[in-house]
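# Coordinates in review
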Amino acid sequence: MNPFSVGPDGSVLARFGELETELICDLAGQVGDLLGDSVATADDHLLAIVGIGGSERLPTDPAVARLLPDAYADDADSSAEFRRLTEHSLAERKVANARQVITSLLMAHGAGFELDAEAQQAWLRTITDIRLVLAARLGIETDDDLGRSDSDEARWMRDVYDWLAAVQTALLEAMEA
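Residues numbered from 1 in each chain as written. Predicted model: local features only at pLDDT ≥ 70, side-chain atom pairs only at ≥ 80, totals over all residues. Heavy atoms only, no water.

Its place among the elements puts Ser5 in strand E1 (residues 4-6). The class of Ser5 is partly exposed, set by a relative accessible area of 36%. Taking the C-alpha atoms as reference points, Ser5 and Ala170, 165 residues apart in sequence, are found 8.3 Å from one another. Apart from the residues lying within four places of it in its own chain, the contact partners of Ser5 are Ser11, Val12, Leu13 and Ala174. (Helix = DSSP H or I, 4+ residues; strand = E, 2+ residues; numbered from the N terminus. Buried < 20%, exposed > 50% of the residue type's maximum accessible area, 1.4 Å probe, protein only. Contact = heavy atoms within 4.5 Å.)

As structure tokens, this is what we get:
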């Protein structure tokens with residue numbers, strides 16, 4: 001089933017079943033939880049005023065490092081400075097996008113709902129973030145990687161990773177129609 005369609009007026013419509021809703025809400029919530037430490041550091045006065053004050057180090061969790069990557073692969077000092085200036089606001093936007101996806105699904109109660117332009121972007125970004133986390137957990141580094149499949153959990157994560165790719169493609173196709 002294609003979860004996205006185009007309405008008669010050209011709007012993008014979405015409809016997810018109960019299990020799909022639970023899965024997406026859970027995974028989007030996990031993205032928010034992973035980024036919680038990056039968002040919850042508002043004790044710094046500069047951070048509270050202008051949103052500057054993130055960490056200068058790449059996160060140790062590979063999934064969080066995928067969500068908040070280094071800006072400059074060959075320049076640790078520039079990456080640290082860029083991270084300090086942008087990490088908090090980037091994490092906040094990612095958490096806000098995830099919350100928007102969760103809210104839209106829960107408010108729909110299984111019925112169809114319309115995605116305006118802002119919601120469409122939030123959905124695309126959140127699906128990307130979920131897939132980045134899954135890829136990190138599976139050890140997927142390139143498009144050609146299959147990731148690990150050494151357990152039922154890994155195979156399940158890979159199935160979800162692939163399903164979310166199809167969901168994202170369906171949303172992009174509905175947006176382009």
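Anyway, onward from the coordinates.
Turning our eyes to something else, we now look at the pattern of salt bridges. By the definition in use, this model includes nine salt bridges. A salt bridge links Asp129 to Lys94; its shortest N-O distance comes to 2.8 Å. In this pair, Asp129 sits in helix H6 (residues 117-138) while Lys94 sits in helix H5 (residues 76-108), placing the two residues 35 residues apart along the sequence. The same class applies to Asp129 and to Lys94, which are both buried. Notably, a salt bridge pairs Arg155 with Asp152, separated by 2.5 Å at the nearest N-O pair. Taken together, the positions of Arg155 and Asp152, both in helix H7 (residues 152-176) and three residues apart, correspond to about one turn of that helix. Relative accessible area serves as the criterion here: at 38%, Arg155 is assigned to the partly exposed category. (Salt bridge = Lys/Arg side-chain N within 4 Å of Asp/Glu carboxyl O.)

Turning our eyes to something else, we now look at the environment of Gly147. Turning to its location among the elements, Gly147 is positioned in the loop between H6 and H7. Among all residues touching Gly147, those that are not within four sequence positions of it are Leu138, Gly139, Ile140 and Arg158.

It is worth spelling out a negative patch on the surface at this point. A cluster of like negative charges, contributed by Asp9, Glu114, Asp116 and Glu118, occupies part of the molecular surface. Checked against the element boundaries, Glu114 lands in strand E3 (residues 113-115). (Patch = residues over 30% accessible without salt bridge, like charges linked within 9 Å, V, L, I, M, F, W, Y side chains within 5 Å. Areas by Shrake-Rupley, 256 points an atom, 1.4 Å probe, with all protein chains shown as cover. Lys, Arg positive; Asp, Glu negative; His and termini not counted. Charge placed at Lys NZ, Arg CZ, Asp CG, Glu CD.)

Despite not being glycine, His109 shows a phi value in the positive range, around 50 degrees. Relative to the elements of secondary structure, His109 occurs in the loop between H5 and E3.

Here Asn97 shows up in helix H5. If sequence neighbours within four positions are ignored, Asn97 has contacts with Ala122, Arg125 and Thr126.

On their own, these measurements won't tell you what the molecule is for.
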